[in-house]
Every structure is written in C-alpha cells, then in structure tokens.
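# Structural features, examined
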Amino acid sequence: MADSDDGLQKGEKRRPGESDEESDDDSSSEANTDASDQSFDENMEIPVEFEAFPPVEEDFSGIRCLLQQLFLKSAVDLSILSDLIISQPEVSTVIKVVNDEDHESNGESKNDDDDDEEEESEDNVFGVTTVVNLKKHQENSAVGQLKKLLADKCQESTSKENTTEFTEVMKGQHAVGFLINERFINIPPQIAVPVYKTLRSELKKIHKKGQDTPLSYFVMICKTYKDIETKTHKKAKKAKTQDSTSALNFINVEDEVFLKESQLSFSYAASTDSDETIVAGKWTFT
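Rules used throughout
- Residues numbered from 1 in each chain as written.
- Predicted model: local features only at pLDDT ≥ 70, side-chain atom pairs only at ≥ 80, totals over all residues.
- Heavy atoms only, no water.
- UniProt positions renumbered as here; feature names shortened; annotations may be inferred.
- Helix = DSSP H or I, 4+ residues; strand = E, 2+ residues; numbered from the N terminus.
- Buried < 20%, exposed > 50% of the residue type's maximum accessible area, 1.4 Å probe, protein only.
- Contact = heavy atoms within 4.5 Å.
- Areas by Shrake-Rupley, 256 points an atom, 1.4 Å probe, with all protein chains shown as cover.
- Axes fitted to C-alpha atoms, helices over the stretch in contact; angles between N-to-C directions.
- Parallel < 35°, antiparallel > 145°, perpendicular 65-115°, else oblique.
- Left-handed = near helix turned anticlockwise from the far one by under 90°.
- Nonpolar A, V, L, I, M, F, W, Y, C, P; charged D, E, K, R; others polar.
- Core = buried A, V, L, I, M, F, W, Y, C linked by side-chain atoms within 4.5 Å.
- Expected span 1.5 Å × (residues − 1).
- Arc of directions from axis to C-beta.
- Phe/Tyr/Trp six-rings, centres within 6.5 Å; stacked < 30°, edge-to-face > 60°.

The chain carries the name Protein BCCIP homolog in an unreviewed UniProt entry, which gives Desmophyllum pertusum as its organism. Of the chain, the UniProt comment under Sequence similarities (unreviewed entry) reads exactly: "Belongs to the BCP1 family."

### Let's talk about the overall build of the chain
Along the chain, the regular secondary structure elements total 10 helices and nine strands. For the chain, the residues scored as buried account for 30% of the 286 residues in total. Long-range contacts, defined as pairs at least 24 residues apart, comprise 73% of the intrachain contacts of the chain with a sequence gap of at least 6. Within the structure as shown, the chain displays about 19500 Å² of accessible surface, and the carbon and sulfur contribution to it stands at 47%.

### Quick word on unusual backbone geometry
Where the residue is not glycine, phi is negative for most of them; where a peptide bond is considered, it is trans in most cases. With phi around 55°, Leu 72 is a residue other than glycine that occupies positive phi space. With relative accessibility at 23%, the residue Leu 72 sits in the partly exposed group.

### Digging into the packing of helix H7 (residues 141-157) against helix H8 (residues 160-171)
Interhelical geometry of H7 versus H8 gives an angle of 165° and a closest axis separation of 9 Å. Comparing the axis directions of H7 and H8 gives the class roughly antiparallel. Like other packed secondary-structure pairs, H7 and H8 cross with a definite hand, here left-handed. Residues Lys 147, Leu 150, Ala 151, Cys 154 and Gln 155 of H7 touch H8, and the partners they reach there are Asn 162, Thr 163, Phe 166 and Met 170. Taken together, the residues that form the contact of H7 with H8 break down as five nonpolar, three polar and one charged.

### A look at the nonpolar core
Core analysis: the biggest nonpolar cluster contains 31 residues, and Leu 67, Phe 71, Leu 81, Val 132, Leu 134, Leu 150 and Phe 178 have the highest contact counts within it. For this core, the elements supplying multiple residues, two or more each, are helix H2 (60-71), helix H3 (78-86), strand S3 (125-133), H7, H8 and strand S4 (176-183). Per-element accounting of this core gives the leading share, six residues, to H7. In this view, Leu 67 contacts Leu 72, Leu 78, Leu 81, Ser 82, Ile 85 and Ile 180; residues no more than four positions away in its chain are not counted. With 11 residues, the next largest nonpolar core counts Val 131, Ala 192, Leu 199 and Met 220 among its residues.

### Re helix H9 (residues 192-208)
Compared with an ideal rise of 1.5 Å per residue, which puts 17 residues at 24 Å, H9 spans 24 Å between its outermost C-alpha atoms and is within 8% of the ideal. Looking at H9, one finds that the buried residues are Ala 192, Val 195, Tyr 196, Leu 199, Glu 202, Leu 203 and Ile 206. With its buried residues spanning 120° around the axis, H9 presents them on a single face. In this structure, H9 carries Lys 197, Arg 200, Lys 205 and Lys 208 as exposed residues pointing more than 90 degrees from its buried face. Taken from the residues just after H9, Gly 210 is the one with a positive phi, measuring 75°.

### Some thoughts on the packing of aromatic side chains
Under the counting rule described, the total for this entry stands at five aromatic pairs. The interplanar angle of 85° and the centroid separation of 6.1 Å between the aromatic rings of Phe 126 and Phe 184 together place this pair among those described as edge-to-face. A residue pair is termed long-range when its members are at least 10 positions apart, and Phe 126 in strand S3 and Phe 184 in the loop between S4 and H9 qualify at 58 residues. Among the residues examined, Phe 126 registers a relative accessible area of 22% and is labelled partly exposed.

Okay, here's the thing in structure tokens:
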C-alpha cells in the first residue's frame, strides 16, 4: 500500500475535529472538539452484514481464537483441531463481516505485511460451526485429547450410571460427532438458525454421497453461567447477607434446546480454567 503524507497512519490517534494544522486559537479548538463529542451517540447502532464461508488457511488464527473461548486451559491442542476444521470445509462454516472495501482492495492487500494479514484474518472470523466425527478422526491427536477431556469431566461430575452410559457411547461402534458452535458474545443469536440449517443440509449431502458414516450421536460443550444475587436482610440492627443462585443461563441461548432434547448431560465448573471473566457481574461458571 502506497504511503501518504495525508490521513491517519496506523497506530496514530486523532480526536474528533482535530486537523493536521494546529490552530492559533486554543479556545476555538476546544469548542470544536466539544461540539464533535456532543454529536457522537454512544448508543448508535451500526448495521453489519454477516456472511457464511467455508474455512480456509487464512482463517486459522481466528478459528483457534474462538476455540480458546470454548476449551480455555483444557489439554486439547487447538492448533491441530483448527487444522482439522479447515480440512473439512464441506461441514464447516465460518462467519465473517462483508463490506464493499473487501471487494475493492484486491491489489492493495497483497502489499501488506504478513503479520497485518494474519491479524485482519483473525479479526474477520466472528464465528465457527462444524461437526468433528470422533470415530473417523480417532487417530488425530487433538481428537484423542478431546475424548479424554470429555471422559474425565464426565467421571468427575456425574453418577456412575451416567458415566457408564457415556463411556459405552463414546467407545462403542456408534459414530459420534462433536458439535462446535462458537461465536463472539456480541454476535446476535438469530444467526444460529441459518447456520444450523446449513450444517444439517451439508451432513445430508455427504451421507448421500457415501463420503461419511451417518452420525448416531452428537456431543457438545455448552457454556453456561449462574447469576449470584446478593440479598441483605436486617435483623437485630445487623445486616445479614445471603446468596441465592438463579436458574442456569446459556452463553449461546440456542444451546438450551440441545440440553432439553439430550439423552444425557452433566455440568462441571470451568471458572478455575479461565484467566478472565468473559461476562460482567457476579457469576459462577458451570
């Protein structure tokens, strides 16, 4: 991209109303800045158009970033899992924002640094949806780590009967698909409906072509949280605090449907695996 003396360069910040030439009148400059600030509406909604694409190599960093939200510190090689997702574009979808500039910058983008291209690719991936056939890819090291993670969490978190049933499904002759539906928290949940319809259609196509064994079971990790409400009661002129836990909430609201229709489910705490809180307020993660 050709350098220019005019315009805002990368890493440079400019306040609203600021010009390239300094003003001789400081009070006039401040007045212009204040007027610009007043015209800015922090609640303004900006329309954004999302589109679905099959994953490509350039989406690696973005996909891995989204998987990090799901697996946190779990011992699953997310790089290998990201490569696996990219290798099956027939049943994988990434969500991106499309604008006119993407179609007009063909020649200019080729001259950017590789680091800038990788950063832009990561920023452009806002969601990923796919199914990983655990039986078909059982030799994949990341799939082996994933199956061990699920088995360990099940054994730690639920009854012996549920553990036995879960183990029979995972180690039996059934084809089990691990469903991944991850997106950034500010992406509207309405996008899940067309994405799942597309995935269902893609699975039917590959089954009809005999390219893959029909899946008998689906297993997935749903991110949930509980809001801890603090209630203060006064008794004998002393404040007494009691905590009460509300109902289970879902980061992806559509996951509640899967829970209601599931044959088996269990919960485990994920707060110890997270470096930071991804939802504001007082929460307990399960």
